Amino acid sequence: MKAALVGTDGTLLHEARRATGRKRGADAVVETILAFAADLRAHGEEHLGESAVAAGVAVPGIVDAEKGIAVYAANLGWRDVPMRALLGQRLGGIPVALGHDVRTGGLAEGRIGAGRGADRFLFVPLGTGIAGAIGIAGRIEAGAHGYAGEIGHIVVRPDGPDCGCGQRGCLETLASASAVTRAWAAASGDPEADAADCAKAVESGDPAAIAVWRDAVDALAAGLVTALTLLDPSTLIIGGGLAEAGETLFTPLRAAVEERVTFQKLPHIVPAALGDTAGCLGAGLLAWDLLSTEVSA
């Protein structure tokens, strides 16, 4: 877990990290979150001379932000956790905002990161899976049921690998960091090889690595063109572990997207700027938004 005290302008005043302890079960994870938040608030009181006035928390899985409930997270094992109410009680009744981790990271990238100044953007982190956050006029579109932006489950190759969602050939089975890791481990014969190793091999001119990388980039471009056809963003922000390959990813990706567009306008395709602090910053922005909404109400 990553946490921070965030100023009104998005400045990180203090950062901390702590293990989730998920092996101890879902209830233990929730308690760890609550204790972490309380410790962070105490740090502000002791070292910054004032208490936090609101809190934001971003969690993975299915989130009902309106009701403040962390509905389901497969990797953490929880269901229907009233996270907003629990945090509010632990933090002395201050306002609490709950958000989805990717959409919250996208909020930060859009407002104070790589998408600053863009009225319409799409944030796509390429990690274990592939998700997305749709930015519109400074806010993130969650959709009618909280599922907006799930670009990783656009089918780009109908005859492709099985996906955990039940479909075949989903984008994340072909172009996520995990997918590249699997493909390169098989192609290289090294079960320990990962996506970063593949990128290095591409840079050194290894033909097998270039083939694996090209397949992933082609699949990613196909998914992104579908997304930009629907959303028409001015900026496309690519983050996550795969984006750490820099121009080894971005140069062929920009070319592959450009080859596929016909009538669509090409967005600026840029790397994410905030790294793994995006979630903390986004949670802080959610908290400040909560306060500004209350004041205006």
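Refer to the structure above for everything that follows.
Values in this document were obtained by computation on a predicted structure and should not be read as measured data. (Residues numbered from 1 in each chain as written. Predicted model: local features only at pLDDT ≥ 70, side-chain atom pairs only at ≥ 80, totals over all residues. Heavy atoms only, no water.)

Caption draft 1: Structural context of the sheet that holds strand β6 (residues 78-81). Read across the sheet, three strands follow the order β4-β5-β6 without closing on themselves; strand pairing throughout is antiparallel. This sheet does not close on itself; its edge strands, each paired only once, are β4 (62-64) and β6. Shown here is a sheet whose adjacent strand axes are inclined to one another by a mean of 15°, direction ignored. Both β4 and strand β5 (residues 69-73) contribute to a ladder of three bridges, which runs antiparallel. Each residue of the ladder has a partner; that of Asp 64, found in β5, is Ile 69. (Pairing = 2+ DSSP bridges. Helix = DSSP H or I, 4+ residues; strand = E, 2+ residues; numbered from the N terminus. Axes fitted to C-alpha atoms, helices over the stretch in contact; angles between N-to-C directions.)

Caption draft 2: View of the side chain of Asp 289. Mapped onto the secondary structure, Asp 289 falls in helix α9 (residues 278-296). Dropping the residues within four chain positions of it, Asp 289 is found in contact with Arg 111 and Arg 139. (Contact = heavy atoms within 4.5 Å.)

Caption draft 3: View of the nonpolar core. By size, the foremost hydrophobic cluster in this structure holds 44 residues, and its most contacted members are Val 124, Trp 213, Leu 224, Ile 238, Leu 249, Leu 253 and Val 257. Counting residues in hydrophobic clusters, the runner-up holds 21 residues, among them Val 29, Ile 33, Val 57 and Leu 91. (Core = buried A, V, L, I, M, F, W, Y, C linked by side-chain atoms within 4.5 Å. Buried < 20%, exposed > 50% of the residue type's maximum accessible area, 1.4 Å probe, protein only.)

Caption draft 4: Layout of helix α3 (residues 101-112). Across its 12 residues, α3 extends 17 Å between first and last C-alpha, which sits within 8% of the 16 Å expected from 1.5 Å per residue. The element α3 is extensively covered by neighbouring structure, given that nine of its 12 residues are classed as buried. Restricting attention to buried positions, one finds in α3 the residues Val 102, Arg 103, Thr 104, Gly 105, Gly 106, Leu 107, Ala 108, Glu 109 and Gly 110. (Expected span 1.5 Å × (residues − 1).)

Caption draft 5: Molecular detail of helix α5 (residues 177-188). Over its 12 residues, α5 runs 16 Å from end to end, which matches the ideal 16 Å to within 8%, given 1.5 Å per residue. If you check which residues of α5 are buried, you get Ala 177, Ala 179, Val 180, Trp 184 and Ala 185. At its buried positions, α5 is contacted by α4 (172-175), α6 (195-203) and α7 (207-231). Looking one or two places after α5, you find Gly 189, whose phi comes out positive at around 75°.

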